[in-house]
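# Reading the structure
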Amino acid sequence: MNLILLGPPGAGKGTQAKRLEQSHGLVQLATGDMLRAATARGSELGLKVKAIMDSGQLVPDGVIIDMIAERIARPDCRNGFILDGFPRTVPQAEALDEMLAERRQTLDHVILMQVDEAALIDRLAGRFSCKNCGASYHERYHRPQAEGVCDLCGGCEFVHRPDDRPEAVEARFEVYRRQTAPILPYYRDRGILRTVDGMGEIDEVARQIEAIVASAK
Ligand code: ADP
Ligand code: ADP
Ligand code: ZN
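Presented here is a report on the structure given in the accompanying data block. (Residues numbered from 1 in each chain as written. Chains lettered and ligands numbered in written order. Predicted model: local features only at pLDDT ≥ 70, side-chain atom pairs only at ≥ 80, totals over all residues. Heavy atoms only, no water.)

## Side note on the site of ligand 1
Taken together, the neighbourhood of ligand 1 is formed by 19 residues, with Lys13, Thr31, Gln57, Gly85 and Arg172 sitting nearest. Between glutamine 92 and ligand 1, the recorded distance is 2.9 Å, taken from a side-chain N or O atom to a nitrogen atom. Within the side chain of arginine 127, a nitrogen or oxygen atom sits 3.2 Å from an oxygen atom of ligand 1. Its free accessible area being 550 Å², ligand 1 has 96% of it covered by the protein chains. Per element, the largest residue contribution to the shell around ligand 1 is four residues, and it comes from helix 2 (residues 31–41). (Near = heavy atom within 4 Å. Polar contact = N/O pair within 3.5 Å; in protein donor to acceptor, adjacent residues only side chain to side chain. Areas by Shrake-Rupley, 256 points an atom, 1.4 Å probe, with all protein chains shown as cover. Helix = DSSP H or I, 4+ residues; strand = E, 2+ residues; numbered from the N terminus.)

Below, the structure is given as structure tokens:
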């Protein structure tokens, strides 16, 4: 099963993708996490994209498309994947279709997570992530079970993302409205767009997603 989780910054895509990894054995392909890993390694790509990411703008389509094409071809993706943070533009959505067609793979569901802007601001302001595995937590809504230890990997170092500063958050919302929202009709017209109410608690949102995943295509 191949899924896309779509939604504005802070909608809960990463949180739900990690759940689906555990419950369904799917692989999370999070372009933001891949780019942050490249930045942390200090690779050429990482250095090139850091300033763009910190400002809340999008990295050029070509860079992202190459990165996903390489990742999707690896054997661990054969049992299914969850795209989290990709596609974010119409050209990316078109490139994904080509990639999947070449590999004789299909998309099962595109799941849009709807959350209002006030809640998104609150979520991003309190977000912190595991430095090792990228799992995200929230100061009030989702603390690790053991204080200071990542539930998923046992890591003890956490970071606040530079682009979760209020200045960059506004830019990211604008980018979402202008560049990412236009891909919704692309999937709606094909009948594979499903919408969940992302305002509920994490478990409640997970239940809605489970129902979609369990339903026939
Ligand atoms: P969010 O939590 O806002 O959904 P991500 O971790 O997915 O953020 O992405 C962080 C940043 O990485 C984006 O603001 C953008 O600069 C870059 N990025 C991630 N995915 C893409 C993509 N598909 N296309 C262009 N830029 C991307
Ligand atoms: P995205 O990947 O879409 O940017 P995240 O999964 O990182 O979003 O979630 C953003 C922040 O909101 C994190 O701090 C996360 O712990 C928190 N969060 C995620 N889902 C919910 C929810 N349903 N209710 C409250 N907080 C949530
Ligand atoms: Zn971790």
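After that view, the rundown keeps rolling.
## Some thoughts on the side chain of threonine 180
Counting through the fold element by element, threonine 180 comes out in helix 7 (residues 166–180). A distance of 2.8 Å separates a polar atom in the side chain of threonine 180 from the backbone oxygen of arginine 88. Discounting chain neighbours no more than four positions away, the residues touching threonine 180 are Leu6, Pro87, Arg88 and Val175. (Contact = heavy atoms within 4.5 Å.)

## Focus: the sheet that holds strand 6 (residues 136–138)
Pairing is antiparallel in the open sheet, where three strands are placed in the order 6-5-7. Where the open sheet ends on each side, the last strands, each with one partner, are strand 6 and strand 7 (158–159). Here two bridges tie strand 5 (residues 127–130) to strand 7, and the two strands are oriented antiparallel to one another. Across the sheet, serine 129 pairs through a bridge with valine 159, a residue of strand 7. (Pairing = 2+ DSSP bridges.)

## What to know about the coordination of the zinc ion (ligand 3)
In this structure, Cys130 (SG), Cys133 (SG), Cys150 (SG) and Cys153 (SG) serve as the protein donors to the zinc ion (ligand 3), at separations of 2.3 to 2.4 Å. Viewed at the metal, the four donor atoms of the zinc ion (ligand 3) are separated by angles of 98 to 114 degrees, and the geometry they form is tetrahedral. Read from N- to C-terminus, the donor residues coordinating the zinc ion (ligand 3) fall into the pattern C-x2-C-x16-C-x2-C. With cysteine 133 in the loop between strand 5 and strand 6 and cysteine 153 in the loop between strand 6 and strand 7, the pair connects residues that are 20 residues apart, well separated along the chain. (Donors = N, O, S within 2.8 Å, 3.2 Å for Na, K, Ca; no water. Tetrahedral: all angles 85-135°; square planar, octahedral: opposite > 155°, others 65-115°.)

## With respect to the site of ligand 2
Around ligand 2, a shell composed of 19 residues is seen, among which Thr15, Arg127, Ser136, Tyr137 and Gly200 lie nearest. Between ligand 2 and threonine 15 there is a distance of 2.6 Å, counted from an oxygen atom to a side-chain nitrogen or oxygen. In isolation ligand 2 has 560 Å² of accessible area, and contact with the protein removes 93% of it. If you list the elements that add at least two residues to the shell around ligand 2, you get helix 1 (13–24), strand 6 and helix 9 (202–214). A breakdown of the residues in the shell around ligand 2 according to their chemical character gives seven nonpolar, eight polar and four charged. (Nonpolar A, V, L, I, M, F, W, Y, C, P; charged D, E, K, R; others polar.)

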